[in-house]
Every structure is written in structure tokens, then in C-alpha cells.
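Letter by letter, the chains look like this.
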Amino acid sequence: MMRTTKAAVIAWLSRLPLFIAFIGLYVALDVASFIHPLHGLNITPWNPAPALGLVLLIQIGRQAWLPLAVAIMLAEISTRGPLGTPWSSVVPALVLTTGYALLGAMLARRLPRDALLDDRRSLVVWLLHVAVGTLLISLAYLCSLLIVGLLPQAGWWTGLVRFWVGDGVGITVMMPLLLWLSSERGRARLWRSVAKRESAAYLLLGVATLWLAFGTGGHGGFKLFYLLFLPIVWAAARQGMAGAIVCAAALQVGVIVAMRVLDYNAVTVAELQILAMAMAVVGFFVGATVSEQRRTADDLRHSLRLAAAGEMAGALANELYQPLTALNAYAGACEQLLARGESGEPLQAALRCVQRESNRAGDVLRRLQDYFRTGEPQL
């Protein structure tokens, strides 16, 4: 037991730089997303920081609980300052930590190992858990705020809706990208897919649609919001899930910047965030479908190559069987002739037959080599 505890402590300490970086990034995201806070509390229409916490929980499990609790507490103090008694800050932070820890453990159990959410089944499982999990966390967090006296009862329903929307949008839009970035396989696939000139094209289209929706549309951005579906569907159709998650994150940041510049009120921001989440989900399903089809096509091509190789091997064995059999027979005849002391024409004829059959076998191999090089068979 002592050895196990010591090993766990050593493993935790070895990840201390990671935990420090996580805490810093978590607090930075929370500060950046502190938009229209309800009653000055952690109730905002966009909250991407929990997505970072869930990714860490999925990757390393229980060791992330303490860094997550510290990050949430520091985020509370950095953005809102100490509220009332110490318990007024500690209790809600512990409720959030427990809720995210349970949600992360559930996602780690239900999703495939090293999942990248690039198939429809895992995408549906993830979305359902996020929707239900964030609702339960919202309920628990709002109850804790009521208990410690930070939230008036009249603001219960508004607070619940805004907190659920903020967490739901932040996690749904940002978690796939963070999950890919935390995986070596995901980073490699992301780079291969996105490091293309076409990526710049759909990102420029995203900027153009944001300008049309909010620049020319102004406060009537709702009327032209559907234009934002164009770049994300394009990215998802061309690059699969990799393009969808990058475009969704970029458009989400653009929407937040536009809302801050135009100074939308809290209700409008929450409604636009719901539209942004719907846009991201549509893009994710298109991207997952494209990624699945490409994997199926790759598997089919691999199966066809294996089948062709099997048929080629059978044909090659049949072509080489006859000259090799003849070579064996003529070599046996030469051995018998030599045993009798024969060195005249019969032996010379047998040797010529050996040479002819070896040339025949070599010709089969040369024609096969030419086929692999040019793709044109020589019958």
C-alpha cells in the first residue's frame, strides 16, 4: 500500500509542470470569457474553460481533480474576487469541481480509448453526456449559490438557463479541438488536414460571413446568421472532422468578438450562442460522416489490394510451378548422367533444357516486375 501511494505521489509530481500550465490556461480562458456575468457570478453565456478541464480528466483521470479544483478556485478569485465569507467561494467551487470530475469520468468510461469524436456513434454519446451532465452541474451549482446566499431566488431560472447555455456551448464547441490537440494522433491528423491552402480559403470565407452577418447586419445579425453554416459545412465536407472542429472554434471566437464589439445584451448573446452551438453540431456531424466514409473507402481499398495480391500470388505460383518442376527433373537427369560418366551430347542437351527453363522462370518474374512498374500486363 505504501509503495502504491509513493508511486502515485511521484507520478503526480512528474506532471506538476503540466498541472501548472493547465491552471494558468484555465484561468486565462475563464477571464477571457467573463461576459455579461449574472449578478457578478460565474454565470456567463460562454464558458469554454470546463472543456479544458474535461480533456485533462479524460486523459489522466483522478490525478486531475486537485489541479481542477485549484483552477476553478483561482478563476473565481481572479474574475469575481472573494464573495462574502470564504465558504461562499469554496462551496460553489467544490460543487463545480465534483460535477466536472464526474462528467469527465463518465466520458472516459463511455468513449473509446484515444477517441477523437470522428464517428457518429461516439459523437452522439458525447453530446448526450455533455447535455445531461451540464444540466445536472447547472442545477447543483445554482442550488449551492442559493444556499450560500449569493443568488436571489428571483434569478433562479435565468441563472440556470444562462449557465447551462454557457457551459454547453463552451464544451461543445471547444472540447473536440482540445481533445485532438491533446492526442499525438489527433495533432498529426489535424496538421495533415488543416495545413493546406484550402484551409485558409474557408477561414477567409468564415471572416467574410461574419462580416456580412454582424458587420452589414449589425444588430440584425440573427437574420444573416445562416451564412455562417457555409464555411463550416465546406470545411467538414472537404477535411472531415479536422476541418469542422477548426472552423467551428474560429467561428465561435468570431461570434464572441462581434458580440463584444456590438455590445449585445445578455439575452441576445445567449440566443446567438444557441445558434452557434447548433452550427457547430451540424458541422461536426457532417465532418464525422465524411471521416467515416473515408475510413471505409481506405479499408475497402486495402481489402482489394490484399485480394489482388492473393490472386497475383496464386497466378505467380502457377506460372513458376512448371519451369521449377522441369528444372528439378532436368537437374536430376544431369546428376544421373554424371554418375554414369556421361559427358557428351545427352548431358549437353539436359543442361540446355535447364538453361531454357530457368530463362522461362526469369521471364515470368520480369513480366510481373514490368506490370508493377507500368500497370500494363504482358500476356
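Predicted model only: the values in this text are computed from it and were never measured.

Here is what the cut-offs are and how they apply
- Residues numbered from 1 in each chain as written.
- Predicted model: local features only at pLDDT ≥ 70, side-chain atom pairs only at ≥ 80, totals over all residues.
- Heavy atoms only, no water.
- 1 Å grid on protein atoms, 1.4 Å probe; cavity = no way out; pocket = protein on both sides within 12 Å on 5 of 7 lines; lining within 4 Å.
- Points joined across faces, edges and corners; volume = space filled by probe spheres on them.
- Helix = DSSP H or I, 4+ residues; strand = E, 2+ residues; numbered from the N terminus.
- Nonpolar A, V, L, I, M, F, W, Y, C, P; charged D, E, K, R; others polar.
- Phe/Tyr/Trp six-rings, centres within 6.5 Å; stacked < 30°, edge-to-face > 60°.
- Buried < 20%, exposed > 50% of the residue type's maximum accessible area, 1.4 Å probe, protein only.

A. Fine view of empty space enclosed by the protein. As enumerated under the stated definition, the model contains one cavity of 30 Å³ or more in all. What the largest cavity holds in volume is close to 50 Å³. Looking at the lining of the largest cavity, the elements with two or more residues in it are helix H2 (16–32), helix H4 (65–80) and helix H5 (86–110). Ranked by residues supplied to the lining of the largest cavity, first place goes to H4 with four residues. For the lining of the largest cavity, the residue count by class is six nonpolar, two polar and three charged.

B. Expanded view of the packing of aromatic side chains. Applying the stated criterion to the full structure yields six aromatic pairs. With a centroid separation of 4.8 Å and an interplanar angle of 25°, the aromatic rings of Tyr141 and Phe163 are classed as stacked. Here the residue Tyr141 occupies a position in helix H6 (residues 120–147), and Phe163 occupies one in helix H7 (residues 156–181), the gap between them amounting to 22 residues. Assessed through its relative accessible area of 1%, Phe163 is described here as buried. Geometrically, the ring pair formed by Phe214 and Tyr264 is tilted, given 6.4 Å between the ring centres and 55° between the ring planes. With Phe214 in helix H9 (residues 197–216) and Tyr264 in the loop between helix H11 (229–262) and helix H12 (266–339), this pair connects stretches of sequence that are 50 residues apart. Both residues of the pair, Phe214 and Tyr264, belong to the buried class. Each member of the aromatic cluster is reached from another via a ring pair, and the members are Phe214, Phe225 and Tyr264.

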